[in-house]
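Inside the fold
Below are the chains, spelled out letter by letter.
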There are 2 protein chains.
Amino acid sequence: MSEPDPSDAYGETRPFRVRSSTAEWAAAILRQRVTEGGLAPGSRLAEDELTAELEVSRNTLREAFSLLGHERLLEHRLNRGVYVRVLSPADVADIYRVRRMIEGAAVRRGERDPAALAALREVVAEADKAAAEDRWPDVGTADLRFHLVIASLNGSERVNTMMAQLLAELRLVFHTMDPHALHAPFLPLNRELLTLLDAGRGPDAEALLAAYLDQAERVLLATY
Amino acid sequence: MSEPDPSDAYGETRPFRVRSSTAEWAAAILRQRVTEGGLAPGSRLAEDELTAELEVSRNTLREAFSLLGHERLLEHRLNRGVYVRVLSPADVADIYRVRRMIEGAAVRRGERDPAALAALREVVAEADKAAAEDRWPDVGTADLRFHLVIASLNGSERVNTMMAQLLAELRLVFHTMDPHALHAPFLPLNRELLTLLDAGRGPDAEALLAAYLDQAERVLLATY
DNA sequence: TCTTATCAAATTGTTCAACAATCCTTACAT
DNA sequence: ATGTAAGGATTGTTGAACAATTTGATAAGA
């Protein structure tokens, strides 16, 4: 009678009484699988399998699907099921278009927010340390956090949300590539960008960032 | 989930065979009521009433709630129900911050997209006509469409979606005000902006737009 | 009178099982 | 090879049931 609890396999036990809903708990597990590559883009998420595995009702699972669908990680096709989103080259180009807009606007003014600059320094140090220890996936997440902080310079809650969503989408592409080749070239650029921001040289930072994002976009599109 | 709604279902009668899901159909009806003022900000949407009125199940209605919640039109309070969103002054300020970023970036380059310019001319004409006939609510929708087209100059599908969502949020505030006082001052500014865009004078257009949005924000915040 | 405690009613949160609608595969016919 | 017609599998929707929480009313006590 000792049936293994599927949730234990992921180190996530389901509390008896949770403040957050069961749907969010299920969504968190699926989100992790998607963003960490356990579920490849394009694969289908069958309701039967997942209700059995996660031990939640179909309704709850479908609510979790809905949550992840709004984060653009899953794609819902009417009467055909739910699939892990597949980013097209056009999607990648669009995402980088938005990034140029958001991060460019954030950087242009050259405003020196002490808290943000401190956060940037911390993230850069974290990335350097991870790189020195060959933990390239960690370098990748540090890189994403760097740009999230950049975006936050806009001082807008909504922009922060948009940016987080964009970066989550990008993860769909990232984990199909070699994290070293993907992130190594950008470590020095992050440092340089930080010094420009520190000096309040907004326009220079914007120009560097634009070149930065163009290059990153080219690297990603080269894999298609 | 995130499926484009053909929004064919505005007659409030459910077609025998629906192409979109029932939840999206219900969401479309509620969305219209909220954005057109039939449901005032702060009012509660009781499940019992709406399941009876729309003749959908509770589960389906709650999925519609979820959709509109993600669009920030409805607000969900745990165990207390769903309410039409009430925008705080901070929300309004945040929305205008994002608008300055999106519309500013769209206009700065001074790129002359013939299709977009034609669309802008058409919308301006529509607004003028509606104003001449004292149909001020129609002037309001034309004004919103004007700025939606402006945003589309960025050439990004995601930006278009963001902008549409921002303007839907703004409607929550708009329809609590006198549409004449709200939109009349901005008719000539729209025309002027159009001529600047026509001449490819990007920076001038950006400056005008920034002043424009600052003024609009002040007008809105003055009502709080 | 005011505060606090308790209870009952109403509403939301969650799950389940059944049925309807749709898609997809297979088999068959042309 | 192409098109068509079952049927089996999967998703869409519903109604009901029960749990948990809020709300409002009532009663008890200071």
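Please read all numbers here as calculations on a predicted model, not as lab measurements. (Residues numbered from 1 in each chain as written. Chains lettered and ligands numbered in written order. Predicted model: local features only at pLDDT ≥ 70, side-chain atom pairs only at ≥ 80, totals over all residues. Heavy atoms only, no water.)

Glancing now at the overall build of chain A. Looking only at helices and strands, chain A features 10 helices and three strands. Each helix and strand of chain A, placed in order from N terminus to C terminus, yields the pattern α-β-α-α-β-β-α-α-α-α-α-α-α. Counting only C-alpha atoms and orienting by the principal axes, one finds that chain A spans roughly 65 × 35 × 35 Å. Counted over contacts in chain A with a minimum sequence separation of 6, partners at least 24 positions apart contribute 71%. (Helix = DSSP H or I, 4+ residues; strand = E, 2+ residues; numbered from the N terminus. Contact = heavy atoms within 4.5 Å.)

With that settled, consider the sheet that holds strand E1 (residues 44-45) of chain A. Residues and elements named next belong to chain A. Pairing is antiparallel across the open sheet formed by three strands, whose spatial order is E1-E3-E2. Strands with a single pairing partner mark the edges of an open sheet, and in this sheet they are E1 and strand E2 (74-77). Across two bridges, E1 lies against strand E3 (residues 81-84) in antiparallel orientation. By the bridge assignment, Leu45 is partnered in E3 with Val82. (Pairing = 2+ DSSP bridges.)

All right, on to the sheet that holds strand E3 (residues 81-84) of chain B then. Pairing is antiparallel across the open sheet formed by three strands, whose spatial order is E1-E3-E2 (chain B). At either end of the open sheet lies a strand with only one pairing partner, and these are strand E1 (44-45) and strand E2 (74-77) of chain B.

On to the protein's contact with DNA strand D. By nearness alone, 21 residues border DNA strand D, and Arg44(A), Arg62(A), Thr22(B), Asn59(B) and Thr60(B) come closest of all. When atoms of DNA strand D within 4 Å of the protein are split into backbone and base, the sugar-phosphate part holds 74%. Within the side chain of His76(A), an N or O atom sits 2.9 Å from a phosphate oxygen of DNA strand D. With respect to DNA strand D, the side chain of Thr60(B) contributes an N or O atom lying 2.4 Å from a phosphate oxygen. Listed by contribution, the elements that provide at least two residues to the surface near DNA strand D are helix H3 (58-70) of chain A together with helix H3 (58-70) of chain B. Looking at the surface near DNA strand D element by element, the count peaks at three residues for H3(B). Grouping the amino acids of the surface near DNA strand D by side-chain chemistry returns three nonpolar, nine polar and nine charged. (Near = heavy atom within 4 Å. Polar contact = N/O pair within 3.5 Å; in protein donor to acceptor, adjacent residues only side chain to side chain. Nonpolar A, V, L, I, M, F, W, Y, C, P; charged D, E, K, R; others polar.)

Interfaces are often described in size by the accessible area the parts lose on coming together. Residue and element names in this part refer to chain A. On domain assignment, one finds that chain A holds domain 1 (6-84) and domain 2 (89-221). The interface of domain 1 with domain 2 comprises 10 residues on the first partner and six residues on the second. Overall, the association of domain 1 and domain 2 removes approximately 680 Å² of surface from exposure, summing both partners, and the carbon and sulfur fraction of that is 67%. Among the residues domain 1 hides against domain 2, the three largest losses belong to Thr35, Pro41 and Arg72. Together they make up 54% of the total. If you look at where domain 1 meets domain 2, you find one salt bridge. With its nearest N and O atoms 3.8 Å apart, the salt bridge here joins Arg72 to Glu169. Taken together, the connections running from domain 1 to domain 2 amount to one residue pair in polar contact (both at pLDDT 80 or more). The residue makeup of the side of domain 1 that touches domain 2, split by class, is four nonpolar, three polar and three charged. (Domains from an automatic or database assignment. Buried area = accessible area lost by both parts, 1.4 Å probe. Salt bridge = Lys/Arg side-chain N within 4 Å of Asp/Glu carboxyl O.)

Turning next to the relation of the copies chain B and chain A. Placing chain B over chain A gives an RMSD of 0.4 Å and needs a rotation angle of 179 degrees, together with 0.2 Å of translation along the axis. Between the two chains, the operation in question is that of a two-fold axis. (Least-squares fit on C-alpha atoms with pLDDT ≥ 70 in both.)

Residue and element names in this part refer to chain B. Contact geometry of helix H4 (residues 89-108) with helix H10 (residues 202-222) gives a least axis separation of 9 Å together with a crossing angle of 165 degrees. In terms of orientation, H4 and H10 fall into the roughly antiparallel class. Two packed elements cross with a definite hand, and for H4 against H10 that hand is right-handed. The residues of H10 that touch H4, namely those facing Pro89, Val92, Ala93, Tyr96, Arg99, Arg100, Glu103, Gly104, Val107 and Arg108, are Gly202, Pro203, Ala205, Glu206, Leu209, Leu213, Asp214, Ala216, Glu217, Leu220 and Leu221. Looking at the contact of H4 with H10, its residues break down into 12 nonpolar, two polar and seven charged. (Axes fitted to C-alpha atoms, helices over the stretch in contact; angles between N-to-C directions. Parallel < 35°, antiparallel > 145°, perpendicular 65-115°, else oblique. Left-handed = near helix turned anticlockwise from the far one by under 90°.)

Here we come to the protein's contact with DNA strand C. Around DNA strand C sit 20 residues in total, of which Asn59(A), Thr60(A), Arg44(B), Arg62(B) and His76(B) are the nearest. Here Arg58(B) contributes a side-chain N or O atom positioned 2.8 Å from a base nitrogen of DNA strand C. Within the side chain of Arg62(B), an N or O atom sits 2.5 Å from a phosphate oxygen of DNA strand C. Counting residues per element, the ones that place at least two in the surface near DNA strand C are H3 of chain A together with H3 of chain B. In terms of residue class, the surface near DNA strand C is built from two nonpolar, 10 polar and eight charged.

Bringing the pairing of E3(A) into the picture now. As defined by bridge partners, E2(A) adjoins E3(A) across four bridges and the pair is classed as antiparallel. Paired with Leu74(A) across the strands is Val84(A), a residue of E3(A).

Listed by partner, the interface residues are 31 residues for chain B and 32 residues for chain A. Both sides of the chain B and chain A interface together cover about 2600 Å² of buried area, and 56% of this is carbon and sulfur. Between the two partners, chain B and chain A, sit six salt bridges. Ionic pairing is found between Arg158(A) and Asp94(B), a salt bridge with its closest N-O pair at 3.0 Å. Remark: the boundary between chain B and chain A carries 12 residue pairs in polar contact (both at pLDDT 80 or more). For the side of chain B that touches chain A, the secondary structure elements donating two or more residues are H3, H4 and helix H7 (157-174) of chain B. Sort the elements by how many residues they give to the side of chain B that touches chain A and H4(B) lands first, with nine residues. In terms of residue class, the side of chain B that touches chain A is made up of 11 nonpolar, nine polar and 11 charged.

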